[in-house]
Amino acid sequence: MHGTVSGPITGSRVAFNLNGRDVELQTAQGLRLSQVLREQLGARDVKIGCNAGDCGACSVLLNGENVCACLVSAEQADGQRIETVEGLVATDADAQRLADSFQNHGAAQCGICTPGMIVAAVALLRDIPQPDETQIQEALGGVLCRCTGYRKIIDAVADVPATLNGDGNVGSSIRKLDGWAKVSGREAFGDDVAPQGTLEIAVIRSPFPRAGFRFGDLDAWLENQAGIETILTAADIPGKNCFGVIPAFSDQPVFAETEARFRGEAVAAVVGTPEAIRAFKQESFPVVWTELDSVVSVSEARAAGAPELHPGRAGNLMCGGLVKTGDAEAALADADVRVEASFRTGFVEHAYIEPEAGFAKVTDGKVEIHACTQAPVMDREAMEIILGMDSSRIRIVPTAVGGGFGSKLDISMQPYLALGALKTGKPVRITYSRSESMQSSTKRHPAEITLRIGAKADGQISGFDFFGAFNTGAYASWGPTVANRVPVHASGPYRIKDYRAESAGIHTHCPPSGAFRGFGVPQSAIAQETLFDELAAKLGIDPLEFRILNALEDNVPTVCGQVFTQGVGAKACLEALRPAWGKARAEVEAFNAAAAGSVRRGVGIAAGWYGCGNTSLPNPSTIRAGLKADGTVVLHQGAMDIGQGANTVISQIFATALGLPVNQIAIVGADTDITPDAGKTSASRQTFVSGNAARLCGEALRAVVLRQANASPESTLELESGAVVIRDGDRTHRIDLGKLPAGDLGYVFDVAETYDPPTKPLDENGQGVPYAQFGYAAQLAIVEVDTALGTVKPLHFVAAHDVGRAINPLLVEGQVHGGIAQGLGMALMEEYLPGRSENLHDYLIPTIGDVPPIETLIVEVPDAHGPYGAKGLGEHVLIPTAPALLNAIRDATSVSMREVPVTPSRLRAAIRKATS
């Protein structure tokens, strides 16, 4: 367990033993041990996630005890023994075993929490060499992970046998190619790359949801601030003070100019030495605020006389979306059975463990920005507009990303870094505090949904009418994408002939709502899948059989009129759950029949689908590769890996196409100067789109090499030092690479290939070809509900996911676990309240004790467009989880919940109302 250490304060000179080495240093009084370790001793394997003891990322061993280094002062460590993950992995047998086991189980995804997890696990194993699951959960309960879903971490600590297999190419369960850096703490995230002593930036943010403001005498204030070098405001922006991810909806200023539209919006920034920024008090900055009337809900924003946030968006309507086919009203009128209800979902915080961070410098007139991002080329395009500079003078060098889930698609700290470096002429850095990250970052859209569904007596769906209003916050961000994607997906993966789905994005004085794993589809799935259960109950049909009866199949039109002649795996996922569904229902019925108290169990099911890539828009990725004279194959892989495994999966696809083992491929990561644009990491597109580009690239490089020897396509390739050996039947060719001329990039053979999925625009009724492929999913959840307390405990999940072709089954399982954990949080505990839940203590995300065992059923219905048949996966996983849980709660209690999260107070109130 985490603890604090008491001890005398010895002053500003401290000495201790760090990883077996005696160190002594002068430090400012009262500094956190985490800061001293990272910034004075270079131990950046100690990660910072919250500076409040909530996340555990900074865990170290202090005299063998696991503590949060952010809760210990440097003086308290005087004379003590400190061990960090880098030192442990270098010398400690338990840590070395854990480092291997974490890689073998895929227990490190983004890697930001991994040092803390391994440190906590080492402390456990020293006391209990063979811990059980409960002991592991107790020991690691203070370390948060947002990616893995924890189950792989438990397996890794317990040393459960791993399932690695294959030769490394497509279909193989192999370790992540970049796994060692994660388990050793050497992965460099946004806050890890700036040199010691770099100037730092602090942002001045609005304390109110809506406020007018004016500055005092900034020059006079600056003259009296020791160590503060400059102030940044909108006046310092050389280009346009505006950004956004969709050009037609770009509406967010870098710095507000006269009015702030949400709590946390930036109005200015100061740049100074680390000491000056540490001493800086925001209340001393000369700005005067005037709180103004604000609207924070959709109903307030739509009311007559409400303040309008943006000109040209009357009634605060950002935009809407529509898909309709047939006659929904007539079909509903003709239905034998109907259900209808209204649903509400709240803001959900991404809660990645790494807050926004980065570093920038100017070299020969070129701005170089190192930052955690999901979209480096989009970052450069935005900075080109803001800085008024040609893109050739802007370089984006992504760091490792400690979780993103959509929010790190939007720019955040990048403009402050660039402006600070340009104005001072010196390198600058920034790291958001947890509170300012949660104030200013984008959120999952709150939704207010009304839905009516009908069916005929035989169970066929007859009429579907959906309307969803989405609170898009102060600025558009990805709101238009949500508004357009939801009507396409609100049907779920089902055959519905008479359908109408409409959406509206509404501005409020709340943080911008943006991309978050599913782009609004998880919200619509809650409504659609829970009402399907109620419709099935009215019909007297088993919920699983009802879904199978109505599931999409090949050659059946979607609600957009799109017909897939192959690759539709919805029914296969549902049918894969049949054995588990029958077993779970029997067990739940037996438990409830024997239960005497207030505890009841329930089982629920839900399905989902998700279109991979942009909706009806160009969506290309380009991958480059080259062969050097020394025989090295280099893959320029620009698809950001944010923990999902793109570096590994795309390399596996490329290596398979080229015909060489994946361990012979050298990877050059995303960098706008040296890797082509592989598109943003979003919309579950990288395996599908960038994977296809990698496949084409591998095939092209192979063809070039074979052509050099006039060898047949069936030939095999081998690399030797300075040569390629081609075996073509009984003939062997050897190409001496050193004798061939190298091109501008240093390669003797160099290829680049692009893939753009075939789509077509939607017409005014939403008819067209929005996506080249969908992925499909179905999940089963078993819960235990205490009806007296209103508490819900998930006991087990079974998840069937059609991935087309599992490029790496180990990583597929990791994505399934992580997505289910986030869906569980959305369903049962996560609700961001602007101005209130701005830390990881008040905002609850699942911990290691909250996620039950998960059985993953990998379904492979190949898709003709996917690389080797593969489909996207990342977002699909989260979509069925919340409705499956809600359906399980209803099964246990006979209460239908219409609002998430289903907190104990909400569920208890609903049970009381139903039984009164």
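From a predicted model like this one, the values you see are computed outputs, not experimental measurements.

K.L.:
What is the right way to read helix 13 (residues 414-424) from this model?
P.N.:
Working note: α-helix, 3.6 residues per turn, so residues spaced by three or four point in the same direction. Here helix 13 lies mainly inside the structure; nine of its eleven residues are buried. When we look at burial in helix 13, the residues that qualify are Q414, P415, Y416, L417, A418, L419, G420, A421 and T424. Where helix 13 terminates, the next one or two residues include G425, which has phi positive at roughly 75 degrees.

K.L.:
Hey, could you run me through the pattern of salt bridges in this one?
P.N.:
In a structure, side chains of opposite charge can pair up when their charged atoms sit close to one another. Considering all chains together, one arrives at 53 salt bridges under this definition. Between D100 and R175 there is a salt bridge; the shortest N-O distance is 3.0 Å. Here R175 lies in the loop between helix 6 (151-158) and helix 7 (179-184) and D100 lies in helix 3 (residues 93-105), a separation of 75 residues in the sequence. Residue classification places D100 among the partly exposed positions, given a relative accessible area of 39%. Connected through salt bridges with shared partners, the residues R38, E39, R44, K47, D191, D192 and R429 form a single ionic network.

K.L.:
It is not clear to me how the pairing of strand 22 (residues 499-507) should be interpreted in this structure. Could you clarify?
P.N.:
Along a regular strand, successive side chains alternate from one face of the sheet to the other. Of all nine residues that make up strand 22, seven are buried, and the element is covered over most of its length. Following the chain from strand 21 (residues 461-473) across helix 15 (residues 479-489) to the adjacent parallel strand 22, one finds a crossover that is right-handed.

K.L.:
Teacher, can you tell me more about the packing of helix 5 (residues 133-140) against helix 6 here?
P.N.:
If you want to describe how two helices pack, look at the angle between their axes and the distance between the axes. Between helix 5 and helix 6, whose axes approach to 10 Å, the crossing angle comes to 110 degrees. For the element pair helix 5 / helix 6, the angle class is roughly perpendicular. In this structure, helix 5 meets helix 6 at a crossing whose hand is right-handed. Packed against helix 5, whose contacting residues are E133, I136, Q137 and L140, the element helix 6 presents R151, I153, I154, V157 and A158 at the interface. Each residue belonging to the contact of helix 5 with helix 6 can be placed in one class, and the counts come to six nonpolar, one polar and two charged.

K.L.:
Is there a simple way to think about unusual backbone geometry in this case?
P.N.:
Backbone phi values are negative for most residues with the exception of glycine, while trans is the configuration of most peptide bonds. The step from V900 to P901 runs through a cis peptide bond, and the omega angle for that step is 5 degrees. A positive phi is found at R517, a non-glycine position, where the angle reads about 25 degrees. Structurally, R517 is set in the loop between strand 22 and helix 16 (521-539). Of note, the phi angle at N710 is positive, near 55 degrees, even though the residue is not glycine. Structurally, N710 is set in the loop between helix 21 (686-709) and strand 27 (716-720).

K.L.:
Before we go on, may I ask you to explain helix 24 (residues 904-915) in this structure?
P.N.:
Compared with the 16 Å implied by 1.5 Å per residue over twelve residues, the 16 Å span of helix 24 between its first and last C-alpha is a close match. Listed as buried for helix 24 are L907, A910 and I911. Along the long axis of helix 24, the arc covered by the buried residues comes to 100 degrees, so they all point the same way. The exposed residues of helix 24 that point more than 90 degrees off its buried face are S905, R912 and K913.

K.L.:
Teacher, can you tell me more about the sheet that holds strand 3 (residues 59-62) here?
P.N.:
Backbone-to-backbone hydrogen bonds join strands into a sheet, with any given pair of strands oriented parallel or antiparallel. Strand order in the open sheet formed by five strands is 2-1-5-3-4, and the pairing between neighbours is mixed. The open sheet has two edge strands with one neighbour each: strand 2 (21-26) and strand 4 (65-68). Geometrically, the sheet is characterised by an average inter-axis angle of 40 degrees between neighbouring strands, direction not taken into account. As paired strands, strand 1 (residues 13-18) and strand 2 are joined by six bridges and run antiparallel to one another. Counterpart to F16 in the pairing with strand 2 is V23.

K.L.:
Help me understand the pairing of strand 29 (residues 731-736), please; the structure alone is not making it clear to me.
P.N.:
Here six bridges tie strand 28 (residues 723-728) to strand 29, and the two strands are oriented antiparallel to one another. Bridging from a neighbouring strand, D728 pairs with R731 of strand 29. The turn joining strand 28 and strand 29, which pair antiparallel and follow one another in sequence, is formed by two residues; a positive phi near 65 degrees is taken by G729.

K.L.:
In this structure, what is going on with the sheet that holds strand 34 (residues 899-900)? I would like to understand it.
P.N.:
If you walk across this open sheet you meet the six strands as 12-22-21-20-13-34, and the pairing is mixed. Two strands bound the open sheet, and with one partner strand each, they are strand 12 (317-325) and strand 34. Across nine bridges, the pairing between strand 21 and strand 22 is parallel. Within strand 22, the residue paired with A469 across the bridge is A504. Docked against the sheet, helix 16 engages strand 13 (337-345), strand 20 (447-455), strand 21 and strand 34, running at close to 150 degrees with respect to strand 13.

K.L.:
Explanation requested: the nonpolar core in the structure shown.
P.N.:
Across soluble globular proteins, nonpolar side chains show a tendency to be buried alongside one another. Counting 161 residues, the largest nonpolar core has F102, M117, L140, I153, V157, I453 and L780 as its most contacted members. Those residues within four positions of I453 in sequence are excluded, and the remaining contacts are L332, V337, R338, V339, I461, G463, F464, Q528, L531, F532 and L535. Counting residues in hydrophobic clusters, the runner-up holds 44 residues, among them V170, I623, I665 and L717.

K.L.:
Is there a simple way to think about the packing of aromatic side chains in this case?
P.N.:
Ring pairs (aromatic) are described by centroid distance and by the angle formed between their planes. All chains considered together, the criterion is met by 16 aromatic pairs. Among the aromatic residues, ring-to-ring pairing joins F213, F215, W221, F280, F285 and W289 into one connected group. R444 extends its terminal NZ or CZ atom over the ring of F516, reaching a point 4.3 Å from the ring centre. Sitting over the ring of F591, R601 keeps its end group 4.0 Å from the ring centre.

K.L.:
Please clarify how the packing of helix 4 (residues 114-127) against helix 5 should be interpreted in this entry.
P.N.:
Running from N to C, helix 4 and helix 5 cross one another at 125 degrees; their axes reach a closest spacing of 9 Å. By the criterion of interaxial angle, the relationship of helix 4 to helix 5 is oblique. Crossing geometry of helix 4 relative to helix 5 is assigned as right-handed. Contacts from M117, A120, A121 and L124 in helix 4 reach Q135, I136, A139 and L140 in helix 5.

K.L.:
Would you mind going over the side chain of R261 with me for this structure?
P.N.:
Examined against the element boundaries, R261 turns out to sit in the loop between strand 9 (259-260) and strand 10 (266-272). In this structure, R261 is buried with no salt-bridge partner, the nearest side chain bearing the opposite charge being E259 at 4.9 Å. Separated by 3.0 Å, the side chain of R261 and the backbone oxygen of L309 make a polar contact. Filtering out sequence-adjacent residues up to four positions away, R261 remains in contact with P209, L309, H310, A474, Y475, H509 and C510.

Cut-offs used in this document
- Throughout this description, residue numbers start from 1 for each chain and increase along the sequence as written.
- Totals for whole chains, interfaces and linings use all residues, but because this is a predicted model, local features are given only for residues with pLDDT of at least 70 and pairs of side-chain atoms are given and counted only at 80 or more.
- The side-chain values count all of the structure's non-hydrogen atoms but skip hydrogen atoms and water molecules.
- Burial status follows relative accessibility: with a 1.4 Å probe on protein chains alone, a residue under 20% of its type maximum counts as buried, one over 50% as exposed, and anything between as partly exposed.
- A run of DSSP states H or I qualifies as a helix once it reaches four residues; a run of E qualifies as a strand once it reaches two. Both are numbered from the N-terminal end.
- Salt bridges are defined by distance alone: a side-chain nitrogen of Lys or Arg within 4 Å of a carboxyl oxygen of Asp or Glu.
- Seen with its strands pointing away from the viewer, a crossover is right-handed if its path from the first strand over the helix to the second goes clockwise.
- In this analysis, axes come from line fits to C-alpha atoms, helices being fitted only over the stretch in contact, and the angle between any two N-to-C directions falls in the range 0 to 180 degrees.
- By definition in this entry, angles of less than 35 degrees are roughly parallel, angles greater than 145 are roughly antiparallel, angles of 65 to 115 are roughly perpendicular, and the rest are oblique.
- Should the near helix be turned anticlockwise from the far one by less than a right angle, the crossing is termed left-handed; should it be turned clockwise, right-handed.
- Throughout, a residue-residue contact means that at least one pair of heavy atoms, one from each residue, lies within 4.5 Å.
- Gly falls in the polar group here, along with every residue not listed as nonpolar (Ala, Val, Leu, Ile, Met, Phe, Trp, Tyr, Cys, Pro) or charged (Asp, Glu, Lys, Arg).
- Expected span, for any helix, means 1.5 Å times one less than how many residues it has.
- Regarding the arc, it is the one traced by the directions from the helix axis to the C-beta atoms.
- Two strands are said to pair when DSSP picks up at least two bridges between them.
- By nonpolar core we mean a set of buried residues, namely Ala, Val, Leu, Ile, Met, Phe, Trp, Tyr and Cys, connected to one another through side-chain atoms within 4.5 Å.
- Each Phe, Tyr or Trp ring, with Trp reduced to its six-membered ring, pairs with another whose centre is within 6.5 Å; inter-plane angles below 30 degrees give stacked pairs, above 60 give edge-to-face pairs, and intermediate values give tilted ones.
- Cation placement over rings: the criterion is NZ of Lys or CZ of Arg within 6 Å of the ring centroid and within 35° of the ring normal.
- Working convention for charge: Lys and Arg count positive, Asp and Glu count negative, and His plus the chain ends are omitted.
- Whenever a nitrogen or oxygen atom comes within 3.5 Å of another N or O atom, the pair is scored as a polar contact, on the condition that within protein one atom can donate a hydrogen and the other can accept it, and that pairs from neighbouring residues in sequence are kept only if both atoms are in side chains.

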